[in-house]
Amino acid sequence: MQKPFAITQGDAAGIGPEIIAKAFQDAPEAMRGCFVAGSVAVMRRAAGWLGGLPVARLEQANEALHAPPRCIPVLPVVQAPSGLPEPGRVSAAAGRMAGEAVVWAARAALRGEVAAVVTAPLHKEALAAAGEPFSRFPGHTELLQAEAAAHLGVPVEQVPVRMMLANDELRTVLVTIHMPLREAIEQVTQASVLRTLQITHAALARALGQPPRMAVAGLNPHAGEGGRFGREEIEHIAPAIAAARAQGMNAQGPFAPDTVFMRARQGAFDVVVAMYHDQGLIPVKYLGVEKGVNVTLGLPFVRTSPDHGTAFDLAATGQASAGSLLAAVRMARALEGE
């Protein structure tokens, strides 16, 4: 490894810090070269819940490349309050720490100081409670997009990003992400579907080493049934697929949403492009959140994350699984070509 991997600590009141600690404790080889961007105090508390794995305070990120195994390297990029946030409760302080860690990691990646960013879960309500600037962003994806745009000196609209959720059995990429369903339907246009196909093709061609076979789900039941159940497929989705094929991409559809994911899982396609958040994420999460990885496509750096949330009900119990976090680290390595 030439550059370390940054793992943001996530919400200090949730399971993020302890699943990070558990990953370093149980899978030290998988975590080689990784470090936590966050608070030493938060990570020491989490390590204590699991038996007291030592925490190594770093002065700079590249020291993580030489950190001894079975310790947790932490670069203190945020200041914890005097009283740490109570586990399992929404806290503005926890939201601010989580947001500041993400901003630091994104900027480090954009400067080329870290190879990739893996984000532990943050809590959207806590992020909003943290106030400006974090209250502007619904979640990680939008915050990272804004940081990339600011670094490049362009409007946010010129850094289009898409969410991909993936596990060993299924990949899905979303045309729309965090917005009310009524607004998401309005955002399903020929331009947005085509841009999603372009972003997906570029990212997966690098990861797979060959052009991906992309299936496109319809928006409506039975993919509109020839216009009987809606015309979005005819007026927007099918023209976008045709345009993608004209650009040399292997895009097919639109297919009925209730069967296309099963076909992809059986090997007919490498990825399904879904129209809105729940359409695409329910099939992947049903297969097991402990195996899923959230990837932000379109950023000028690699970003992955577990596909579960902060799980306040499990915080400080030691019961949370580090499986999805470890899968996110492995995915980041694969996308980086390790």
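An unreviewed UniProt entry annotates the protein as 4-hydroxythreonine-4-phosphate dehydrogenase PdxA of Ottowia cancrivicina.

**A short note on helix 2 (residues 40-49)**
Buried within helix 2 are the following residues: Val40, Val42, Met43, Arg45, Ala46 and Ala47. Each element contacted by the buried residues of helix 2 is listed here: helix 1 (16-26), strand 2 (34-38), strand 3 (55-57), strand 4 (72-76) and helix 3 (92-110). Among the residues of helix 2, the N-terminal cap falls to Ser39, whose side-chain oxygen and the backbone nitrogen of Ala41 are separated by 3.2 Å. Of the residues flanking the end of helix 2, it is Gly51, one or two places downstream, whose phi is positive at about 115 degrees.

**Points about the sheet that holds strand 4**
As summarised here, the arrangement of the 12 strands in space is 3-4-2-1-5-12-11-6-7-10-8-9, forming an open sheet in which the pairing is mixed. Strand pairing shows two members of the sheet lacking a second neighbour, strand 3 and strand 9 (251-255), which therefore form its edges. Within the sheet, the average angular offset between the axes of one strand and its neighbour, ignoring direction, is 30 degrees. Judged from the 3 bridges that link them, strand 8 (residues 214-217) and strand 9 form a sheet pairing that is parallel. Bridging from a neighbouring strand, Ala217 pairs with Phe255 of strand 9. Contacts from helix 9 (residues 257-265) reach strand 7 (171-174), strand 8, strand 9 and strand 10 (271-274) within the one sheet, and its direction differs from that of strand 10 by about 160 degrees.

**Digging into the layout of surface pockets**
Regions of empty space are outlined by a rolling probe, equal in size to a water molecule, passed over the atoms. The calculated volume of the largest pocket comes to roughly 390 Å³. As for the largest pocket, its lining consists of 22 residues, and the residues nearest its centre are Ala166, Asn167, Asp168, Arg171 and Met331. For the lining of the largest pocket, the elements supplying multiple residues, two or more each, are strand 6 (162-166), helix 7 (190-208) and helix 11 (323-335). Per-element tally for the lining of the largest pocket: the top contributor is helix 11, with 5 residues. Within the lining of the largest pocket, the residues separate by chemical class into 14 nonpolar, 1 polar and 7 charged.

**What to know about the side chain of Thr304**
By the element assignment, Thr304 lies in strand 12 (residues 302-306). According to the relative accessible area criterion, Thr304 is buried, its value standing at 0%. Reaching out from Thr304, the side chain makes a polar contact with the backbone oxygen of Ala328 at a distance of 2.8 Å. The contacts of Thr304, once residues within four sequence positions are left out, are Val117, Val118, Thr119, Val293, Asn294, Val295, Ala328, Val329, Met331, Ala332 and Leu335.

**Regarding the packing of aromatic side chains**
The relation between two aromatic rings is expressed through the spacing of the ring centres and the mutual angle of the planes. Taken as a whole, this structure holds 2 aromatic pairs when the rule is applied. Aromatic side chains Phe35 and Trp104 sit 6.1 Å apart centroid to centroid with 80 degrees between the ring planes, which places their arrangement in the edge-to-face category. Of the two residues, Phe35 is situated in strand 2 and Trp104 in helix 3; the sequence distance between them amounts to 69 residues. For Phe35, a relative accessible area of 0% corresponds to the buried category. The interplanar angle of 40 degrees and the centroid separation of 5.4 Å between the aromatic rings of Phe255 and Phe269 together place this pair among those described as tilted.

**Details of the nonpolar core**
By size, the foremost hydrophobic cluster in this structure holds 62 residues, and its most contacted members are Ile72, Leu197 and Met275. The element that contributes the greatest number of residues to this core is helix 11, accounting for 7 residues. Grouped together as the second largest cluster of nonpolar side chains are 31 residues, Phe35, Ala105, Val114 and Ala148 included.

Conventions used here
Residues numbered from 1 in each chain as written. Predicted model: local features only at pLDDT ≥ 70, side-chain atom pairs only at ≥ 80, totals over all residues. Heavy atoms only, no water. Buried < 20%, exposed > 50% of the residue type's maximum accessible area, 1.4 Å probe, protein only. Helix = DSSP H or I, 4+ residues; strand = E, 2+ residues; numbered from the N terminus. Contact = heavy atoms within 4.5 Å. Polar contact = N/O pair within 3.5 Å; in protein donor to acceptor, adjacent residues only side chain to side chain. Pairing = 2+ DSSP bridges. Axes fitted to C-alpha atoms, helices over the stretch in contact; angles between N-to-C directions. 1 Å grid on protein atoms, 1.4 Å probe; cavity = no way out; pocket = protein on both sides within 12 Å on 5 of 7 lines; lining within 4 Å. Points joined across faces, edges and corners; volume = space filled by probe spheres on them. Nonpolar A, V, L, I, M, F, W, Y, C, P; charged D, E, K, R; others polar. Phe/Tyr/Trp six-rings, centres within 6.5 Å; stacked < 30°, edge-to-face > 60°. Core = buried A, V, L, I, M, F, W, Y, C linked by side-chain atoms within 4.5 Å.

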